[in-house]
Amino acid sequence: MIDSDGVLHLDLGGFLVRTGERTVLVDAGVGTIDNGKYAGGGFLDSLRAHGVAPVDVTDVVFTHLHFDHVGWATKKGEVVFPNATYRVHAEDWSHFVEAADAEPGAVRKLSPLESRLETFTADGALAPGVSARHTPGHTPGSTVFVISDGDERALLLGDVVHSVVELAERDWEAVFDVDPVAASAVRNALADEVADSTDVVVGAHFPGLRFGRVVTAFGNRTFRAL
């Protein structure tokens, strides 16, 4: 959303997926940060409104490990979802936690997860109807999660796409992309793949975290929210 001053506001949060006996969170918001630039704090209340307490969550899967996606992973060194297995692509764990130049804040936030962590390197199912797809560029381990039921698919894009405009403008880039060339390539490939299909997509910062479809007209792509 663009306000009257021309400032673009991006939503923060995550997605709740119930599948079989599993309760899966895709990303964990920004945490309790509220500093005038980032405003969090409501994630657990939103889950409770859907009848989900922290102890009910069986899986937490991360599209990537930037701070605004892992905020409720831990709090003051304690794991927030005590019964959950945490999953992330191995390339992101290496980049954000194990690398010699890893950011200390990320190490503090994420290290308490190690005993409950499972990293993955191959694409494939992580839970019934929930599959991981490695899409490096925004970060080394950036991952899209595909939610499927029969022939129906929803793609949770993480930060492969920050704004719906990036689905229309092929040459736009995000300043936070670790590898802008790779990020642009994977973003356009995904957008072309789902264009004019029944697939629905959503980015981690889309307005209202609303799903929509990519459609084309006269050779140009656009996003239409559902």
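Everything discussed here concerns the structure shown above.
Procedures and definitions
Residues numbered from 1 in each chain as written. Predicted model: local features only at pLDDT ≥ 70, side-chain atom pairs only at ≥ 80, totals over all residues. Heavy atoms only, no water. Helix = DSSP H or I, 4+ residues; strand = E, 2+ residues; numbered from the N terminus. Contact = heavy atoms within 4.5 Å. Areas by Shrake-Rupley, 256 points an atom, 1.4 Å probe, with all protein chains shown as cover. Lys, Arg positive; Asp, Glu negative; His and termini not counted. Charge placed at Lys NZ, Arg CZ, Asp CG, Glu CD. Pairing = 2+ DSSP bridges. Axes fitted to C-alpha atoms, helices over the stretch in contact; angles between N-to-C directions. Buried < 20%, exposed > 50% of the residue type's maximum accessible area, 1.4 Å probe, protein only. Arc of directions from axis to C-beta. Polar contact = N/O pair within 3.5 Å; in protein donor to acceptor, adjacent residues only side chain to side chain. Phe/Tyr/Trp six-rings, centres within 6.5 Å; stacked < 30°, edge-to-face > 60°.

### Quick notes on the overall build of the protein
- Helix and strand counts for the protein come out as 4 helices and 14 strands.
- Along the three orthogonal principal directions, the C-alpha set of the protein runs to about 50 × 40 × 35 Å.
- The contacts of the protein with a sequence gap of at least 6 include a subset with a gap of at least 24, amounting to 60%.
- Looking at the protein as shown, the accessible area adds up to about 11,100 Å², and 52% of this sits on carbon and sulfur atoms.
- Positive and negative side-chain charges of the protein, numbering 18 and 33 respectively, have mean locations separated by a distance of 5 Å.

### Focus: the pairing of strand β14 (residues 220–225)
- The sheet contact formed by strand β13 (residues 212–217) and β14 spans 6 bridges and is antiparallel. When the bridges of β14 are listed, T216 appears paired with R221.

### Points about the sheet that holds strand β7 (residues 117–120)
- The mixed open sheet is built from 5 strands, whose spatial order is β1-β2-β3-β6-β7. The open sheet has two edge strands, β1 (15–19) and β7, and neither has a second partner. Sheet twist, expressed as the mean angle between neighbouring strand axes with direction ignored, is 25°.
- As judged from the 3 bridges shared by strand β2 (residues 22–26) and strand β3 (residues 59–61), these two strands associate in the parallel manner. From the neighbouring strand, L25 faces β3, where its bridge partner is V60.

### Thoughts on helix α2 (residues 90–98)
- For α2, every residue scored as buried is listed here: D92, W93, F96 and V97. Buried residues of α2, seen end-on, are gathered within an arc of 100° and therefore sit on one face of the element.

### Some points on the side chain of E166
- Relative to the assigned elements, E166 resides in the loop between β11 (152–156) and α4 (180–194).
- The class for E166 is buried, based on a relative accessible area of 4%.
- Here H162 takes part through its backbone nitrogen, which lies 2.6 Å from a polar atom of the side chain of E166.
- Among residues more than four places away in sequence, those in contact with E166 are V161, W172, E173, A174, R187 and R221.

### Quick word on the packing of aromatic side chains
- A complete count under the given rule lists 4 aromatic pairs for this structure.
- Pairing Y38 with F67 gives two aromatic rings, centres 5.0 Å apart and planes at 85°, and the pair type is edge-to-face. Of the two residues, Y38 sits in the loop between β2 and α1 (43–49) while F67 sits in the loop between β3 and β4 (74–75), which places them 29 residues apart along the sequence.
- Judged by its relative accessible area of 21%, Y38 is partly exposed.
- With a centroid separation of 5.2 Å and 75° between ring planes, the pair formed by F206 and F223 is classed as edge-to-face. A residue pair is termed long-range when its members are at least 10 positions apart, and F206 in the loop between β12 (200–202) and β13 and F223 in strand β14 qualify at 17 residues. The exposure classification of F206 matches that of F223, with both residues buried.

### Quick look at unusual backbone geometry
- The backbone of D27 shows a phi angle near 75°, a positive value even though the residue is not glycine.
- Here D27 shows up in the loop between β2 and α1.

### So, the environment of V200
- Relative to the assigned elements, V200 resides in strand β12.
- The buried category is assigned to V200, whose relative accessible area is 13%.
- Apart from residues lying up to four places away in sequence, V200 is in contact with R153, A154, L155, F211, G212, R213 and L226.

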